[in-house]
Amino acid sequence: MLRFRLHKYALSTDIEKAFLHVRLHEDDRNFTRFLWPVQPENPDSLLQTFRFTSVPFGTASSPFMLHATIDLHLRTFHSCVSEDIQRNIYVDNIISGCDTEVQLLEYYTQARNFMQQANFNLRSWASNSITLQQIATANKTIDHITTVQILGLLWNTCTDTMSLAPKSLPSSNIITKRSVLQDSSLIFDPLGWATPVTIRAKILLQEVWQQKRSWDTPFHEKLQEKWVRIRSDILEFSNIPRAYFPILSDKVIDHLYVFADASTKAYGAIVYLCSDNNISFVMSKSRVAPIRALTLPKLELMAAVTATKVAKFVQASISASQHLIPVHLWTDSQIVLHWINNGSHSNSFVHQRVTEILKSFPSTVWSFTPSSDNPADLLTRGISTEQLTSSELWIHGPQWLSNTSNWPTWTPINVLDLVVTEATEFIPSTTMSSLKDRTNLLTVIDASRYSHINRLLGTIAYIYRFIHNLRKLNSKLSGLLTRTELSDARRRLIIAVQHSSFPEELAYLLKTSSTSSKCPHLVKQLRLFIDDKNKFPYLLPKKHPVTKLIVKDTHKNLYHGGVNTTVTALRQIFWIPAIRQCVKSVLRHCVPCRKLIGKPYRAPDPPPLPKIRVTEAPPFTITGVDFTGALFVKEGQQEKKVYICLFTCAVTRAVHLEVVSDLSVDAFLLAFRRFSSRKSLPRKMISDNASTFLAAAEDIQKLLQSDTLKETLECQNVTWEFIPK
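Nothing here was measured: the structure is a model prediction, and the numbers come from that model.

**Some details on the overall build of the chain**
Summing up its helical and strand segments, the chain has 28 helices and 23 strands in all. In the chain, which comprises 725 residues, the share counted as buried stands at 41%. The long-range fraction of contacts in the chain, counting pairs at least 24 apart against all pairs at least 6 apart in sequence, stands at 64%.

Right, here's the structure in full:
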């Protein structure tokens, strides 16, 4: 889309039935089988199996196969048109352009010839060139619709303007968080033309989210009025010129100008293109400020990161293959400019983002702009559509942009940045940076990206070998890494970790700071000193990627020994504060150890209790019976086997035990008689159901007076059931 706006004459076309022109291999057709009725009009018709012989539309791999086929076909032609199609084709749509009508007509002819050789028919041609429209009409390949869809946007070929689609949002009488999210999601603005208008909807959604409203709770009157104004502004957004410079025929892109800004509600960046002192809007990007409150300088720094990313994206998109367009960036935050110029910082939040910025562009391309001349200020606070369409600052940038002699100037002041330590003392950041600059190894290599310490050491060793070979051309090193190189890399890595993790302690030990007279707590506790002979354990921080790699390697070399074994081996070489916690945290993620000593699977939850166990009833209405194993008791001078007959209530869990001499039926019946006749036992165990249990016991005793127990129980409808344990 960015390249589509570069040219004076634009064109759009698509491939007719593109997927169906790519044949499937015989071995792959069985994977595209489908069922189809013999008589489609009859719902009860028999089904028959078909399979696709060409790439079907809708499968996950179809776009890739189509693109790979087209790309392979276009590589056989060595021309500017084929290379342009390769770069500007999206699935089966080609959008491109030319600066003259002669080039445009040549593009039309060559493109059709190239694609026709692969049986791809280019149809629905659309262009703002009347000549191309006439030729395409004669060849019956014209798209008769004047408003064409271009990758989700609308392009009017008559006026050569673009607009957002859809042109209307669904109306709703009840405004809720759900309806606002649905309506705002329908706005597709990839280039950020209407960002100052649409950012208001995002800010409103964040406010509603912070109020913890439910999805379907109607807004109160004030919120409804606010959303109605935003919605009407979005609908009133007018057309935008398609070309960056429609008047210039022979243009050379001079620079990309990027502005960054932030407020307490949003931050973002805007990009402009310069050609022959003519400035044109390219794109913008905005983000709502995070809910977790950040200081305004940090938000300005996040806006600078966004500006860097957008600048890289636009530069790579519209630059020629061998020539990158120069980029210049502006911000109205002097604090951010100080951070970028200083390079390294003790604050990790600032350090990470400044490093990301400097990886893309040097600090020399950053400049200061007053807030009144910063167009990115419009997208951070939001304005109406009427203000946006009449804003020259948004469309063409500040007036001084086209004249480099009028650019605002800013001279960095050598100020002393102070950081607060835990001891509430101030240490100059110059001391911190001097300590870190001695070994900037960890700023070059991200240790958290490595999974093994040997790989990290190998990378460091190769870096210093490369530096050695550049400095000493006569004694170049080659071949496999030597033990000396790996030892030197290990020593440099430890020094880098110490300088990045213990700057205060090193400042005190090296006496590099006049304000470091007070001894840090760690120096006093461990009696730290500078060891040049490497005879004593090295101090390492507990929470550091390098420390974790060392612990992991030691644990592996000890054949996955336990915590105590790993701690003992580490303390011979290193001193790590809270080493046991550090080792435990590493070993907790060791997969082989978890497989060997991990806990077994937890037993599944027991099934729900049966109905008889949860239905309220008198004690021993439902009674369970079981026997224990043999017990040995003394009867006189001899030992004798006895057993325990256990009666338990299924509801109250009351228990009654009876000693029986053997496992015979007679012994059980005697135990059952004793159980039913003992009225004192239930009274002691369940006092609140005593009367009910007495009545039940009397009934059982009457039943047991019959001659045959079985017959009596059957005639009284008393049944015996087996219940598994």
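**Quick notes on the sheet that holds strand β9 (residues 161–164)**
Spatially, β7-β8-β9-β10 is the arrangement adopted by the four strands of the open sheet, whose pairing is antiparallel. Each having just a single partner strand, β7 (147–150) and β10 (240–241) make up the two edges of the open sheet.

**Remarks on a nonpolar patch on the surface**
On the surface, a cluster of nonpolar side chains totalling about 400 Å² of accessible area is made up of Leu181, Trp209, Trp215 and Ile291. Here Trp209 is to be found in helix α6 (residues 195–210).

**Notes on the nonpolar core**
Grouped together as the largest cluster of nonpolar side chains are 86 residues, with contacts concentrated most on Trp193, Tyr257, Phe259, Val314, Leu329 and Trp366. Looking at this core, the element that brings in the most residues is helix α8 (residues 296–318), giving 11 residues. In contact with Val314, other than residues within four places in its own chain, are Leu2, Leu256, Val271, Val282, Met283 and Ser319. Residues Ala18, Leu24, Val55 and Ile85 belong to the second largest nonpolar core, which totals 29 residues.

**Things to note about unusual backbone geometry**
Negative phi characterises most residues that are not glycine, and trans characterises most peptide bonds. Despite not being glycine, Lys140 has its phi angle at roughly 60°, a positive value. Examined against the element boundaries, Lys140 turns out to sit in the loop between α4 (130–138) and β7. Residue classification places Lys140 among the exposed positions, given a relative accessible area of 76%. Not every positive phi belongs to a glycine, and Arg527 is a case in point at roughly 55°. When you line up the elements, Arg527 lands in the loop between α19 (521–526) and β18 (538–539).

**What to know about the packing of aromatic side chains**
Considering all chains together, one arrives at 25 aromatic pairs under this definition. Each ring, one from Tyr257 and one from Trp330, has its centre 5.4 Å from the other, and the planes form 70°; the classification is edge-to-face. Of the two residues, Tyr257 is situated in strand β11 (residues 255–262) and Trp330 in strand β14 (residues 327–331); the sequence distance between them amounts to 73 residues. Judged by relative accessible area, Tyr257 falls into the buried class, the value being 3%. A relative accessible area of 1% means that Trp330 is categorised as buried. Between Phe647 and Phe668, the ring centres sit 6.3 Å apart and the planes meet at 25°, which makes this aromatic pair stacked.

**Comments concerning the pattern of salt bridges**
Should their charged atoms come close, side chains of opposite charge can pair. Scanning the model with the defined rule gives 16 salt bridges in all. Two residues, Asp14 and Arg123, come together in a salt bridge whose shortest N-O distance is 3.2 Å. Of the two residues, Asp14 is situated in strand β1 (residues 9–15) and Arg123 in strand β6 (residues 122–127); the sequence distance between them amounts to 109 residues. Classification of Asp14 by relative accessible area gives buried; the value is 14%. Take Arg123: its relative accessible area is 35%, and that puts it in the partly exposed class.

**Digging into the pairing of β1**
Burial analysis of β1 places seven of its seven residues in the buried class, the great majority of the element. Burial along β1 is two-sided: Tyr9, Leu11, Thr13 and Ile15 and Ala10, Ser12 and Asp14, pointing in opposite directions, are all buried. Relative to strand β5 (residues 93–98), β1 is paired through six bridges, and the arrangement is antiparallel. If you follow Tyr9 over to β5, its bridge partner there is Cys98.

**As for the sheet that holds strand β4 (residues 89–90)**
Spatial strand order, β4-β5-β1-β6: four strands in an open sheet with antiparallel pairing. Two strands in the sheet have a free side with no partner beyond their single neighbour: β4 and β6. Strand direction decides the pairing type here: β4 and β5, joined by two bridges, are antiparallel. Considered in β5, the bridge of Tyr90 is made with Asn93. Docked against the sheet, helix α3 (residues 101–116) engages β1, β5 and β6, running at close to 165° with respect to β6.

**Here we look at helix α20 (residues 545–557)**
Taking 1.5 Å as the rise per residue, α20 with 13 residues should run 18 Å; its terminal C-alpha atoms sit 18 Å apart, in good agreement. Contacts from the buried residues of α20 go to α16 (453–471), α17 (483–501), α21 (563–571), β19 (574–575), α22 (579–587) and α23 (591–597). Looking one or two places after α20, you find Tyr559, whose phi comes out positive at around 55°.

**Remarks on the environment of Ser405**
Considering the arrangement of structural elements, one finds Ser405 in the loop between α13 (392–396) and β16 (418–420). Here Asn403 takes part through its side chain, which lies 2.7 Å from a polar atom of the side chain of Ser405.

**Some remarks on α21**
The complete set of buried residues in α21 reads Thr566, Val567 and Leu570. Burial along α21 is one-sided: seen end-on, the buried residues are contained in an arc of 100°. Against the buried residues of α21 lie α20, β19 and α22.

**Some remarks on the confidence of the model for the chain**
Of all residues in the chain, 86% have pLDDT values of 70 or greater, and the mean over the chain is 84. Here residues 414–439 is modelled with pLDDT under 50, and outside its nearest four sequence neighbours on either side it reaches 48 contacts, counting other chains as well. The model gives residues 706–718 a pLDDT under 50, and that stretch makes eight contacts with residues more than four places away or in other chains.

**Concerning a positive patch on the surface**
On the surface, Arg571, Arg580, Lys584 and Arg588 cluster together to form a positively charged patch. Relative to the helices and strands, Arg571 is located in helix α21. For Arg571, a relative accessible area of 41% gives the class partly exposed.

**Describing the environment of Asn239**
Tracing the chain through its elements places Asn239 in the loop between α7 (221–235) and β10. For Asn239, a relative accessible area of 43% corresponds to the partly exposed category. Remark: the alpha-carbon pair of Asn239 and Thr389, spanning 150 residues in sequence, is separated by 9.5 Å. Once residues lying within four places of it in the same chain are set aside, the contact partners of Asn239 are Thr161, Met162 and Ser163.

Calculation notes
- Residues numbered from 1 in each chain as written.
- Predicted model: local features only at pLDDT ≥ 70, side-chain atom pairs only at ≥ 80, totals over all residues.
- Heavy atoms only, no water.
- Helix = DSSP H or I, 4+ residues; strand = E, 2+ residues; numbered from the N terminus.
- Buried < 20%, exposed > 50% of the residue type's maximum accessible area, 1.4 Å probe, protein only.
- Contact = heavy atoms within 4.5 Å.
- Pairing = 2+ DSSP bridges.
- Patch = residues over 30% accessible without salt bridge, like charges linked within 9 Å, V, L, I, M, F, W, Y side chains within 5 Å.
- Areas by Shrake-Rupley, 256 points an atom, 1.4 Å probe, with all protein chains shown as cover.
- Salt bridge = Lys/Arg side-chain N within 4 Å of Asp/Glu carboxyl O.
- Core = buried A, V, L, I, M, F, W, Y, C linked by side-chain atoms within 4.5 Å.
- Phe/Tyr/Trp six-rings, centres within 6.5 Å; stacked < 30°, edge-to-face > 60°.
- Axes fitted to C-alpha atoms, helices over the stretch in contact; angles between N-to-C directions.
- Expected span 1.5 Å × (residues − 1).
- Polar contact = N/O pair within 3.5 Å; in protein donor to acceptor, adjacent residues only side chain to side chain.
- Arc of directions from axis to C-beta.
- pLDDT = per-residue confidence, 0-100.
- Lys, Arg positive; Asp, Glu negative; His and termini not counted.
- Charge placed at Lys NZ, Arg CZ, Asp CG, Glu CD.

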